[in-house]
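Descriptive analysis of the structure
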Amino acid sequence: MREKVRVAAVQAEPVWLDIDGTTEKTVHLIAEAAAGGADLVAFPETWIPGYPVFLWSYPVYEQMQFVARYHANSPTIDGPQIARIREAAQRHAITVIVGFSEKDGGSLYMSQAVIGPEGEIIQQRRKLKPTHAERTLFGEGDGSDIKVLDTPLGRLGALQCFEHLQPLTKYAMYAQNEQIHVAGWPCLGILGNVPALSPESIMACSQTYALEGSAFVITATQIMSDDGARKFPTADGGPTPVYTGGGGYARVYGPHSGLITEPLDPTEEGIVYADLDLADIDLAKNTVDPAGHYARADVTRLIFDDTPRTPVIRRSTMPKAPARTEPSFEPDLQWDGATETEPPAHV
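Okay, so let's go over this structure. Keep in mind the model is a prediction, meaning the values are calculated, not measured.

1. Here's the deal with the state of the cysteines
Within this structure, the stated rule accounts for 0 disulfides. Cys-205 supplies the cysteine sulfur nearest to Cys-161, a cysteine that is in no disulfide, at a spacing of 8.9 Å. Of the residues examined, Cys-161 reaches a relative accessible area of 8% and is grouped as buried.

2. Quick notes on the packing of helix 1 (residues 19-35) against helix 4 (residues 80-92)
Two elements in contact, helix 1 and helix 4, have axes separated by 10 Å at closest approach and are oriented at 10°. What the angle tells us is that helix 1 and helix 4 run roughly parallel. Facing helix 1, whose interface residues are Ile-19, Asp-20, Thr-23, Glu-24, Thr-26, Val-27, Ile-30, Ala-31 and Ala-34, helix 4 presents Gln-81, Arg-84, Ile-85, Ala-88, Ala-89, Arg-91 and His-92. Of the residues assigned to the contact of helix 1 with helix 4, the class counts are 8 nonpolar, 4 polar and 4 charged.

3. As for the layout of surface pockets
Unoccupied space between atoms shows up once a probe the size of one water molecule is rolled over them. Taken as a whole, the largest pocket encloses approximately 320 Å³ of empty space. Lining the largest pocket are 14 residues, with Tyr-109, Arg-126, Asp-142, Arg-309 and Thr-310 sitting closest to its centre. Of all the secondary-structure elements, those providing two or more residues to the lining of the largest pocket are strand 4 (107-115) and strand 5 (121-126). Taken together, the residues that form the lining of the largest pocket break down as 3 nonpolar, 5 polar and 6 charged.

Scoring rules and cut-offs
Residue positions are given per chain, counting from 1 as you read along its sequence in written order. Residues qualify for local features only when their pLDDT is at least 70, as the model is predicted, and side-chain atom pairs are given and counted only at 80 or more; totals for whole chains, interfaces and linings, by contrast, use all residues. Hydrogens and waters are ignored; side-chain quantities use all the structure's heavy atoms. Disulfide: a pair of cysteine sulfur atoms within 2.5 Å of each other. Think of it in three bands: residues with accessible area under 20% of the maximum for their type are buried, residues over 50% are exposed, and the middle band is partly exposed, with areas taken using a 1.4 Å probe on protein chains only. For every element, the axis is a line fit to its C-alpha atoms; helices are fit only across the contacting stretch, and the angle between N-to-C directions ranges from 0 to 180 degrees. Numbering of helices and strands runs from the N terminus; a helix is a DSSP stretch of H or I covering at least four residues, while a strand is a stretch of E covering at least two. Each angle receives one of four descriptions, namely roughly parallel if under 35 degrees, roughly antiparallel if over 145, roughly perpendicular if within 65 to 115, and oblique otherwise. Whether two residues are in contact is decided by their heavy atoms: any pair within 4.5 Å suffices. Amino acids are sorted into nonpolar (Ala, Val, Leu, Ile, Met, Phe, Trp, Tyr, Cys and Pro), charged (Asp, Glu, Lys and Arg) and polar (every other residue, Gly among them). Residues are said to line a cavity or pocket when one of their atoms sits within 4 Å of a point; the points come from a 1 Å grid over protein atoms alone, cavities being sets where a 1.4 Å probe fits but cannot get out and pockets being open sets with protein on both sides within 12 Å along at least five of seven lines. Grid points are joined across faces, edges and corners, and a volume is the space filled by probe spheres set on the points.

Structure below.
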């Protein structure tokens, strides 16, 4: 494990509802991050094919024009788009964490792929519980998606969006001694006037995660331009009614919770970089380590089931039961007939 790690957080606009266009942009951004010396580059939530803004914009019957396009532009984990991203990671010897709408059969999931510097998929995780309107489009993950990975860069984990508001999910991550955390967020330029969904509240979530977990937190966000807002038009061709402008908040927080990057303008595309010294984590944890010396397991504890769950279990893949053996009816005691008493009845 390295003591010093250079990381990059993406702040950019996807090519909305365009799987190939966004994949092409992803490959270029990976090359740019690698040229900037990054060992790791983080992309936003549902970066491919862009966050489904229409879920928050219109009633269900008006969303139908977008749903089929969104399905058609959602990659599969073994499809050509993810393969291109894996090739780019290998070519530039960089770890990539990319958020995407994963198509699996007829279902979609809000997924993140952690791709190693040799192009291997280290982890494919799904958002444990899509938030509010997202549940009309996406399925759920399970406990196996709440995992911290032991990598050459350090102990690496990732969550998406309002997973950072789930105290027990966060605690399960903290308990795995996470050092570098990727927080994938959508465009923060939609519904930005709603206090709970505002950029200020969302960045407070990311900063709190760094403080509680004593981890470096990399936040990657989408932005939306005025033209992008018209990809989800109103009946008269105007921008989506939930658009509040810009929305880019890529940044990195240290394990002491301080901001260690210079923010970009919220309307500007770019990449922010930070050099992480993992030794800083020890000093932060010396003060507060909620899943370590600052815990009180005699008072509160977390029950965490990290077993993978599937809706179908095939008998052919189930472990075989041990062979049955016939019960023995040999008496426990041997009677030699030397006494007048009957041998004990064997039960």
